[in-house]
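Residue strings, one per chain:
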Amino acid sequence: MTDTTVWPLWEVFVRSSRGLSHVHAGSLHAPDQEMALRNARDLYTRRNEGVSIWVVRSEDIVASDPGAKDQFFESPKGKDYRHATYYTKSEGVKHL
Amino acid sequence: MSGHETADLDEFQSFGDVTASATRVTPGNALRPEDIAVQGEPPSSEAVAEYALWLGDDALILAQRLSWWISRAPEIEEDIALGNIALDQLGHARSFLTYAGKFWGKTEDDLAYWREEEEFRSCHLMEQPNGDFGVTIARQLFVSVYQYLLYTRLAESADSTIAAIAAKAVKEVDYHRDHAAQWTLRLGRGTEESAARIRRAVEDLWPYVGELFEDQPYADQRMHDDVVAAGVGVAPSTLRAEWDEQIAAILAEAGLEVPQVPFAMGGGRRGEHSEHLGYLLAEMQVLARKHPGASW
Amino acid sequence: MAEHTSTQAGDGGRLQAVLSPEDEAGQARFDEIIAQDSRIEPRDWMPEGYRKTLTRQVSQHAHSEIIGMQPEANWITRAPSLKRKAILMAKVQDEAGHGLYLYSAAETLGTPRHVLNEQLLTGRAKYSSIFNYPARTWADMGAIGWLVDGAAIANQVPLCRASYGPYGRAMVRICKEESFHQRQGFEILLELSRGTAEQKKMAQDAVNRFYEPSLMMFGPPDADSPNSKQSMAWNIKRFSNDDLRQRFVGMIVEQAKVLGLTLPDPDLRFDEESGKWIHKDLNWDEFKAVLAGNGPCNAQRLQRRREAHEDGAWVREAAAAYAAKTNEKAA
């Protein structure tokens, strides 16, 4: 088999019901985007798992570098004033 | 995380993405053959039961043919696609047969496993062997466009059970039609080999198209009065123009021509079948018939 | 995300006398994640042995699902009722789905599916030996569901917690879906067992044939399973072969009573002292012979797979050619 006949890889994202985000479900192979959507429907929603599907070529996804994890995700840590639980003096006050 | 200030936040737990999941499963609500068996009236006349039997037999024989592909398709994704279509068809068959059987006090299995070949009412097109993937796709194209047009009309049937079965089925065969059209396009416009194969398949199956639209089986007085005139069923000739139009458009997009080949006489609705059906039934019925009266 | 762009910095932990600083840092990070019982994700640095072991295990698992479709597909066209036909079709179709979930996980480790498939078709890859036995009667659909899927589920539930993220996630999905597979098998056997004398005999015969091979699905005894230790250290495997086998035997003993069928094992008893089930000696010579390719259906299963692949080549080529043409037009 030559490379030209190997169907490319697609990532599949499924929205399980209205009001929810699409969530990564897995991947599959398909010759083109129309067939990728249809294959995703057959493969990942056989049990009513979805009301909407996204497919995207795997090679088109840009990802953060796991090696740079520390630099990339360090900043939000320790900034607990972004969270409601930081503000303890208002404890006991209703509707706040 | 306790205290009043978080109580309000907790209320958000049931909203938004907290429950987002790609594996949440539900059975979904839809009409099932089991429901038809226990609910609702039986067909109002034998002609109506006979009509439901025609619809059920077409779907059953096609499902039996398609089920062969599971584990044999060109790619595993396609095993699943053809499997879904086969399961849809089998579901329609079970619903129609269950309903038909209520008139005679028979179950879907009595009708599927214990009738003889000449008692089946399927059209010859459904009985045609799977051939290669191209033949299966061409058969799917012809059948699914026909079933789409038919079930669209039957969703308005004066018989409420037939209408309910058709209303569910039409959404499913709409997808079958799309699946067949997509593949016809890819085979027709793919490689030289695939174009040759799908062209041959379309030509080979074309003779069996005519039978689908023959009004002759409906000419019988009971059939005419109770089914066609009563608005329970449809005189199939009335679907032909739209079928021709849709098929011509799909074939044209795929670079294929509408074949100019003779029609084959079909007698499926009278129990006169192609030579293929006997083998298909022998295989389908062999185990059940070895054990009369057994339950499974 | 981007699970399949698994290029990694450094040279991926190739065996070297001296590890590069990048590899050393990667190894340290990897060890830390494993020690925390967290998950390794596709773009993380991982030792080459871990990658190889997982690629082999996950792809074998995928192959097993795909080959495992055949014994059951053998009965779809002859299923004795339309309801059973629908159930069996849905089940075999699920197996195709499970194969795809697993290939999808295996591909995140860097080996494309067509390469894995090639390994299967050329006989270089292994798959579960049990599928090299024929499905002779309808009751085999029951025994395969109850015993073979039962053993598979016992194996798979702990794998939902496997340290490799995509594998664990695939297993979660598979286990959710498989819950119906074992039950439908059990129900088939129950119907047969409560049916005519002929049906009951058919059921007992199928259980007799599948009992021992299903126990062997957990792999060789712990003493003869050299790779298990490393897999457990990597948090891929959570329980030993023998522990899982024990758990399984305990479950089916009770279920067999409900079925009104017997397990073909005169030695079978619970030993109070050791707290263990004692079962017959399993025929590991036969197991090895089947694994080596000498089972009754090895040749048939591979031939069928090759045929589907070869017969489908023109279809795959056509779709690829169409995609290339329409892309050109769009560009």
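Parameters and conventions
Residues numbered from 1 in each chain as written. Chains lettered and ligands numbered in written order. Predicted model: local features only at pLDDT ≥ 70, side-chain atom pairs only at ≥ 80, totals over all residues. Heavy atoms only, no water. Pairing = 2+ DSSP bridges. Helix = DSSP H or I, 4+ residues; strand = E, 2+ residues; numbered from the N terminus. Axes fitted to C-alpha atoms, helices over the stretch in contact; angles between N-to-C directions. Core = buried A, V, L, I, M, F, W, Y, C linked by side-chain atoms within 4.5 Å. Buried < 20%, exposed > 50% of the residue type's maximum accessible area, 1.4 Å probe, protein only. Contact = heavy atoms within 4.5 Å. Disulfide = S-S within 2.5 Å. Expected span 1.5 Å × (residues − 1). Buried area = accessible area lost by both parts, 1.4 Å probe. Salt bridge = Lys/Arg side-chain N within 4 Å of Asp/Glu carboxyl O. Polar contact = N/O pair within 3.5 Å; in protein donor to acceptor, adjacent residues only side chain to side chain. Patch = residues over 30% accessible without salt bridge, like charges linked within 9 Å, V, L, I, M, F, W, Y side chains within 5 Å. Areas by Shrake-Rupley, 256 points an atom, 1.4 Å probe, with all protein chains shown as cover. Parallel < 35°, antiparallel > 145°, perpendicular 65-115°, else oblique. Nonpolar A, V, L, I, M, F, W, Y, C, P; charged D, E, K, R; others polar.

A. The sheet that holds strand β1 (residues 9–15) of chain A, seen in detail. All names here are of chain A. Pairing is antiparallel in the open sheet, where three strands are placed in the order β2-β1-β3. Strands with a single pairing partner mark the edges of an open sheet, and in this sheet they are β2 (22–29) and β3 (52–57). Each strand axis lies, on average, 25 degrees off the axis of its neighbour in the sheet, ignoring direction. Looking at chain direction, β1 and β3 are connected through six bridges and run antiparallel. Along β3, the bridge assignment pairs Arg15 with Ser52.

B. Quick look at the nonpolar core. Residues Tyr51, Phe142 and Trp243 of chain B together with Trp138 and Trp146 of chain C are the most contacted members of the largest nonpolar core, which totals 193 residues. Ignoring anything within four residues of it in the chain, the contact list for Trp243 of chain B reads Phe142, Val145, Tyr146, Leu149, Trp206, Val209 and Phe213 of chain B.

C. Summary view of the state of the cysteines. Taken as a whole, this structure holds zero disulfides over all chains when the rule is applied. Here Cys175 of chain C stays free of any disulfide, with the sulfur of Cys160 of chain C as its closest cysteine sulfur at 3.7 Å.

D. Examining helix α2 (residues 48–67) of chain C more closely. Given a rise of 1.5 Å per residue, 20 residues ought to cover 28 Å, and the 28 Å separating the end C-alpha atoms of α2 of chain C matches this to within 8%. With 14 of 20 residues buried, α2 of chain C is to be regarded as a mostly interior element.

E. Structural detail: unusual backbone geometry. Although it is not a glycine, Asn48 of chain A sits at a positive phi angle of roughly 60 degrees. Within the secondary structure, Asn48 of chain A sits in the loop between α1 (33–44) and β3. For Asn235 of chain C, which is not glycine, the phi dihedral falls at a positive 60 degrees. Note that Asn235 of chain C resides in the loop between α9 (228–233) and α10 (241–259). Exposure remark for Asn235 of chain C: the relative accessible area of 13% places this residue in the buried category.

F. Structural view of the interface of chain A and chain B. Of the residues lining the interface, 31 residues belong to chain A; the matching set on chain B comes to 28 residues. For the pair chain A and chain B, the summed buried surface comes to about 2600 Å²; carbon and sulfur atoms form 55% of the total. For Asp32 of chain A, the salt bridge is made with Arg186 of chain B, and the minimal N-O distance between the two is 2.8 Å. The interface formed by chain A and chain B holds six residue pairs in polar contact (both at pLDDT 80 or more) in total. Going through the elements one at a time, β2 and α1 of chain A are the ones with two or more residues in the side of chain A that touches chain B. Per element, the largest residue contribution to the side of chain A that touches chain B is seven residues, and it comes from α1 of chain A.

G. Seen up close, a nonpolar patch on the surface. Taken together, the side chains of Tyr81, Tyr86 and Tyr87 of chain A present a nonpolar region at the surface, about 340 Å² in accessible area. The partly exposed category is assigned to Tyr86 of chain A, whose relative accessible area is 42%.

H. Region of the structure containing the environment of Val51 of chain A. Residue and element names in this part refer to chain A. Secondary-structure assignment places Val51 in the loop between α1 and β3. Note on Val51: relative accessible area 53%, which makes it exposed. Residues Val51 and Arg41 lie ten residues apart in sequence; the distance between their C-alpha atoms is 9.7 Å. Leaving out residues up to four positions away in the same chain, Val51 has contacts with Arg15, Ser16, Ser17 and Arg18.

I. Fine view of the pattern of salt bridges. This model, assessed by the stated rule, comprises 41 salt bridges over all chains. A salt bridge links Asp205 of chain C to Arg209 of chain C; the nearest nitrogen and oxygen atoms lie 3.1 Å apart. Here the residue Asp205 of chain C and the residue Arg209 of chain C both occupy positions in helix α8 (residues 197–216), the gap between them amounting to four residues, near one helical turn. Overall, Arg209 of chain C belongs to the partly exposed group, its relative accessible area being 23%. Asp242 of chain C is the partner of Arg245 of chain C in a salt bridge, and the nearest nitrogen-oxygen pair spans 2.8 Å. In this pair, Arg245 of chain C and Asp242 of chain C both sit in helix α10, three residues apart, roughly one turn of the helix. You can call Arg245 of chain C buried: its relative accessible area is 3%. Each of Arg46 and Arg47 of chain A together with Asp94 and Glu177 of chain C takes part in salt bridges that share partners, so that together they form one network.

J. Region of the structure containing the packing of α2 of chain C against helix α3 (residues 69–76) of chain C. Residues and elements named next belong to chain C. Across the interface, α2 lies against α3 with an axial gap of 5 Å and an inter-helix angle of 15 degrees. The pairing of α2 with α3 is recorded here as roughly parallel in orientation. Residue-level inspection shows Glu65, Ile66 and Ile67 of α2 in contact with α3, the latter providing Met69, Gln70 and Pro71. Looking at the contact of α2 with α3, its residues break down into four nonpolar, one polar and one charged.

K. Summary view of the pairing of β1 of chain A. Residues and elements named next belong to chain A. For β1, the buried fraction is high: six of the seven residues fall into the buried class. Examined bridge by bridge, β1 and β2 share seven bridges and lie antiparallel to one another. Its bridge partner being in β2, Phe13 is matched across the sheet by His24. Linking β1 back to β2 in an antiparallel pair, the connection comprises six residues, with Gly19 at a positive phi of about 95 degrees.

L. Quick look at helix α4 (residues 76–104) of chain B. Residue and element names in this part refer to chain B. Look at α4: 42 Å from first C-alpha to last across 29 residues, which is about the 42 Å you get at 1.5 Å a residue. With 25 of 29 residues buried, α4 is to be regarded as a mostly interior element. One or two residues past the end of α4 sits Gly105, with phi positive at roughly 70 degrees.

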